[in-house]
Amino acid sequence: MSADVVEIKGEMTLVSVLQLASPDVAKVRQGLQQKRDSVPQLFVNSPLVVDCSSLGDACQRLDFQALREAIVDLGFIPVGIRNIPDACQEQAVLAGWAMLRPVRQSAIPRTGRPAVQEPVTAGKSIEVIERPVRSGQQVYFPDGDIVVLQHTSAGSEILAGGSVHVYGSLRGRVLAGIHGDTSARIFCQKLEAELVAIAGNYRLLDEIETDLKGQPAMVWLEGEKLRIAPMF
Amino acid sequence: MSRIVVVTSGKGGVGKTTTSAAFATGLAMRGYKTAVIDFDVGLRNLDLIMGCERRVVYDFVNVINGEASLKQALIRDKHTENLHVLPASQTRDKDALTQEGVGRVMDGLRDDGFDFIVCDSPAGIERGAHMAMYFADDAVVVTNPEVSSVRDSDRILGLLQSKTQKAEQGGNVREHLLITRYSPTRVASGEMLGMEDILEILAVPLIGVVPESQSVLQASNSGTPVILDKTSDAGQAYDDFVRRFLGETVPHRFLEVEKKGFLKRLFG
Ligand SMILES: Nc1ncnc2c1ncn2[C@@H]1O[C@H](COP(=O)(O)OP(=O)(O)OP(=O)(O)O)[C@@H](O)[C@H]1O
Ligand SMILES: [Mg+2]
């Protein structure tokens, strides 16, 4: 029964997408748990994007807080949520969800999203952010590199199609090469990130050798393996 | 030209209302015509701290709804000349504040020649907080030396960058960090974050540090803004803060654990 409540599929980004088919968090949880238990090694600490496009108005009945808790509880990392109706966005944001840009060009306008620094993408290959990226903010630039001239806070998120440079402390999450560019890299002045990912291969800071913490560091991909090394 | 200053924090109970009352009083004491507005619809508090709760007839929402004029609703402060309080409504729901309505009140105050308009924001990052910050030129972000408060202040700083009129017009709200309820003893023992840690995380110019102090509670119980208590450490710290806000260079105080004298050490 619960098998068709959720459907997980890999995307180009290699971040798993949880396609919600019911607003009932208990059911979703059950289905997700089954999926996870079928291949536990694959999903442990796996970043997860929630897609609500098949829910439509049923989204109104979704308890965003409970959903987030269930996902964390099952050992996934809720990266963000997308394709939710306007009316539900505030609720989702208050429950701590990052709003992701819808994949399909659906009619969800960008207003009402959390404090997102909107990139202008006309032909640009680099997005320069001059101010700190604060908790709850997200910088999304699928067309190239992101350069942050200051720090990024815990609870912030940077998603770039290319590489990411942070000329301050990197404390939030960073996903580079989100469309699968394995040559993308992450550079920062002070590594304190919660999560780093390149082309879907990610690591949590807890797993990172502590002698790298607080150091200028570079993150890159060698085969399937994420490498982190001091820069100087 | 009026300068609109929002006092905000994200997290509740960190000292926004205490700060708004002290700040507005400090500005008025120096001769600036000042209004302080309570944006905490449903939970009004500022009038108690200012000691004018019994003189509330009309409130902010009445003015927005056109049920009273600004002149009728503004309460002249009994302690300080040049100071006026616009209380929140106790009964209405939060939707009573509209951007357009708040804008009209700001225009009205501007026309009345107010130099400063201090907006006491409610906690949270919802409508009330948005309304309080939307028209701001400056933001005093109030933070306690604990992780959750600092994190919430960080979120508020993000909203100031995106959800204000200044931001929409491509400008910036001026940011000032005020650390309150600072206890050097608890910082030294590692129970609380130190000032440097907070500055490192938030990267916002520090405008003041107000120590944890008994005098704050005494002041609010007696309905007298703590800045009027010239002998108290918190009152002095708030006075320093106002002077810095007005452009003076004033060294920070109350950051070190107070060295107790021999007798004090013996007898507590
Ligand atoms: N420096 C201080 N020392 C001791 N107590 C303080 C200090 N500052 C504030 N307090 C106390 O903390 C409590 C909350 O203060 P206040 O009402 O100013 O916070 P607030 O941020 O406005 O709260 P809310 O989010 O509910 O509006 C009060 O009991 C107040 O007396
Ligand atoms: Mg208050």
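Just so we're clear, the structure is a prediction, and the values are computed from it rather than from any experiment.

**Student:** I keep staring at the sheet that holds strand β12 (residues 195-198) of chain A and nothing clicks. Help me out?
**Tutor:** Backbone-to-backbone hydrogen bonds pair the strands of a sheet. The strands run either parallel or antiparallel. All names here are of chain A. Across the sheet, 5 strands lie side by side as β6-β8-β10-β12-β13; this open sheet has mixed pairing. The open sheet is flanked by β6 (138-141) and β13 (201-204), the only strands paired with a single partner. For this sheet the average axis-to-axis angle between neighbouring strands, irrespective of direction, equals 5°. Sheet analysis places β12 next to β13, joined by 4 bridges and oriented antiparallel. What sits directly across from Leu195, in β13, is Leu204.

**Student:** It is not clear to me how the environment of Leu62(A) should be interpreted in this structure. Could you clarify?
**Tutor:** All names here are of chain A. With respect to the helices and strands, the residue Leu62 is situated in the loop between β3 (47-51) and α3 (64-73). Residue classification places Leu62 among the buried positions, given a relative accessible area of 1%. Linking Leu62 and Val196, residues 134 residues apart in sequence, is a C-alpha distance of 29 Å. Once you skip the residues sitting within four places of it in the chain, Leu62 turns out to touch Leu20, Pro23, Val25, Cys52, Leu55, Leu67 and Gln91.

**Student:** Would you mind showing me how to read the sheet that holds strand β5 (residues 116-120) of chain B here?
**Tutor:** The 8 strands are arranged β3-β4-β2-β5-β1-β6-β7-β8 (chain B) in an open sheet whose pairing can be described as mixed. Edge positions in the sheet fall to β3 (75-76) and β8 (206-211) of chain B, since each has one partner strand and no second.

The rules we used
Residues numbered from 1 in each chain as written. Chains lettered and ligands numbered in written order. Predicted model: local features only at pLDDT ≥ 70, side-chain atom pairs only at ≥ 80, totals over all residues. Heavy atoms only, no water. Pairing = 2+ DSSP bridges. Helix = DSSP H or I, 4+ residues; strand = E, 2+ residues; numbered from the N terminus. Axes fitted to C-alpha atoms, helices over the stretch in contact; angles between N-to-C directions. Buried < 20%, exposed > 50% of the residue type's maximum accessible area, 1.4 Å probe, protein only. Contact = heavy atoms within 4.5 Å.

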